[in-house]
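Survey of secondary and tertiary structure
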Amino acid sequence: MLKSLLIENYTLISRVDAVFGDGLNIITGETGSGKSVIMGALSVLFGGRGSAELVRPGARKAVIEGIFANINPIAEDILRTNDIDSFGDELILRREINSKGVSRCFINDTPVTVTILKEFGRRLADLHGQHEHQSLLYRENHINILDNAGDYKPLLSDFSKLKSDLDVKLAEYRKLLKRENELRQKEDFLRHQLEEIEKISPEPEEDEKLENELRIAENYETLYSGALELNGLLYNDEISAHDILTRCKEMIESLNSIDNSFSDFVEEIKTALISVDEVASFASDYSSGINFDQQRIEEVRLRLLELKGLIKKFGPIDEILRKKDEIESELLLIDNFDDDILSYKKQIELYQTDLGKIAQEISSGREKFSKKFESGIIKSLSKLGIDSAVFNVDISKKEIQPKDNSQISCAKINGKYYEINDSGIDDVTFLISANKGIQPGPLSDIASGGELSRVMLSIKQVIAQSDDIPLFVFDEIDTGISGRIAGKVAASMKELSAFHQIIAITHLPQIAAIGDKNYIVFKNETNGRAEIQFSSLNNDEKIREIAKLLSGEEVTEVSVRSAEELIKAGSA
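Overview of the structure. (Residues numbered from 1 in each chain as written. Predicted model: local features only at pLDDT ≥ 70, side-chain atom pairs only at ≥ 80, totals over all residues. Heavy atoms only, no water.)

The relative placement of two packed helices is expressed as an angle between their axes plus a distance between the axes. Relative to each other, helix α11 (residues 294-314) and helix α12 (residues 317-383) sit at 70°, their axes nearing to 9 Å. Classed by the angle they form, the pair α11 and α12 counts as roughly perpendicular. The chirality of how α11 crosses α12 is left-handed. Along its contact with α11, which presents L307, L310, I311 and F314, the element α12 presents I317, E319, I320 and K323. Of the residues belonging to the contact of α11 with α12, the class tally is six nonpolar, no polar and two charged. (Axes fitted to C-alpha atoms, helices over the stretch in contact; angles between N-to-C directions. Helix = DSSP H or I, 4+ residues; strand = E, 2+ residues; numbered from the N terminus. Parallel < 35°, antiparallel > 145°, perpendicular 65-115°, else oblique. Left-handed = near helix turned anticlockwise from the far one by under 90°. Contact = heavy atoms within 4.5 Å. Nonpolar A, V, L, I, M, F, W, Y, C, P; charged D, E, K, R; others polar.)

There is a patch of like negative charges on the surface, built from E205, E208, E211 and D318. On the secondary structure map, E205 appears in the loop between α6 (187-200) and α7 (206-218). (Patch = residues over 30% accessible without salt bridge, like charges linked within 9 Å, V, L, I, M, F, W, Y side chains within 5 Å. Areas by Shrake-Rupley, 256 points an atom, 1.4 Å probe, with all protein chains shown as cover. Salt bridge = Lys/Arg side-chain N within 4 Å of Asp/Glu carboxyl O. Lys, Arg positive; Asp, Glu negative; His and termini not counted. Charge placed at Lys NZ, Arg CZ, Asp CG, Glu CD.)

Along helix α3 (residues 114-124), the residues that are buried comprise L117, F120, G121 and L124. Down the axis of α3, the buried set is contained in an arc of 105°. They therefore lie on one face. (Buried < 20%, exposed > 50% of the residue type's maximum accessible area, 1.4 Å probe, protein only. Arc of directions from axis to C-beta.)

This part takes up the pairing of strand β13 (residues 426-433). Counting buried positions along β13 yields six of eight residues, so the element is predominantly enclosed. For strand β9 (residues 390-397) and β13, the ladder comprises eight bridges, and the chain directions are antiparallel. Pairing of D394 across the sheet is with T429, part of β13. Across two bridges, the pairing between β13 and strand β14 (residues 441-442) is antiparallel. Within the sheet, the bridge partner assigned to L431 lies in β14 and is P442. (Pairing = 2+ DSSP bridges.)

Right, let's get into the sheet that holds strand β12 (residues 416-419). Overall, antiparallel pairing links the three strands, which are arranged β10-β12-β11 in an open sheet. Each having just a single partner strand, β10 (399-400) and β11 (410-413) make up the two edges of the open sheet. Of the pairings in the sheet, the one linking β11 to β12 comprises four bridges and is antiparallel in character. Bridge pairing in β12 links K412 to Y417. Against the sheet, α12 contacts β11 and β12, and its axis sits at roughly 75° relative to β11.

Okay, here's the thing in structure tokens:
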């Protein structure tokens, strides 16, 4: 339940501190006093749209805060899912909107998104505005109303998950078909490219190796004569580096025998001599091994010409080899498309068959519950003064004959395919006749706003025990109702308050009289500025306010006695 509501610097409100109780909380006030502003603030608290225009002129920010007690298990689950600290049995929602329109949301002092706040609002309160009963006129809303009260909710959850899985599989399948179409269109091109690459069959780094080989072959004479001359200078000439270093080695060894300060250089000269001999040996072997092969040179030149043509078209050799692997993979995919498509079709049909099984169970649950729902609505409407009401829940389904069932989201039952929605295969329409002898028709045929209000109230009453939303907020649900019917509506709301906390804005004395707690909204003028104020009423103030609803601004003894009688009758 909503224990308290703080509204600060919101439109014409400077500050309102409201404390609510169990059962029926009734708010009254003159037309234009600001009752709808209170409703608007509650809507914003529960995730409704916030804007800079809602901030009281001159204020830095507007604040709306609600403290709830005895929160339901679903709200507790959302706390855990979003890693929000628990405050025991209490829950604090707060919404701040600054003068620039920037909104901040908090749950138990933890910053959250508007989406999370809205999810909490959906679980904690059902706000029913002055014109919300008009939603009954739209048949697409009827299935949700029925399902929210039904005892087959686990099946709906299973269906929703399976439908989501099917939608994912369908998306994958469509992506596969699109990919197949794209690859089929360029299959000849891919095979031509692969043929070009395989015809030349480049090896990794082959162009670099061949260019090095060609460079050596084209400089044969320079390399041969240079290697011979290097060998001679180092070893074979009359005065060679080897001979000079051998003589130097002997001198250093001789000097070192006298003065060991030369000892560090004995090994150095030996190492130099070894290096000279190794280079000379390599040069000798190189000159002996090198040969000139004009035919090989031509072969290398032709091969490089082929490779460069391929490189010009596809890029470097490593890119060509990567491209070859990619083309081979795509062609393999093309070759296997038929098997992949068949596999997807089988998987999709299994999903559709499983959806059909769950949808049948849901339909059976709906059919069974709808009978209970119909009788409950008729009984409630009778209490609300529509004695001859006929209320039917029409449940239908649409069979389809798809050209390709593997491309659509549908359910398969006994070899037939049915159109599906988020809740199964059924379309639900509420049909009503408020007058004897008239065939039931769509709710949109009801002209009276008062009748629509009573249908909505009846629905709320029928689903009250199964609905886990703790708070109902009604903003003049009694529109279009007066006289004898007003008393019946009041009694119905009183019954409903046994299962839910109710905050109701009303202009009817019969409803105001049955309030467990009563409040008044009024405007004062402070420093030339209008200001909305909110106050709880004691018993005497409650009597006076109801008397005003009965007789207007001038309260008479008769209207006071009538008010007292209404209160007494409402508490009986």
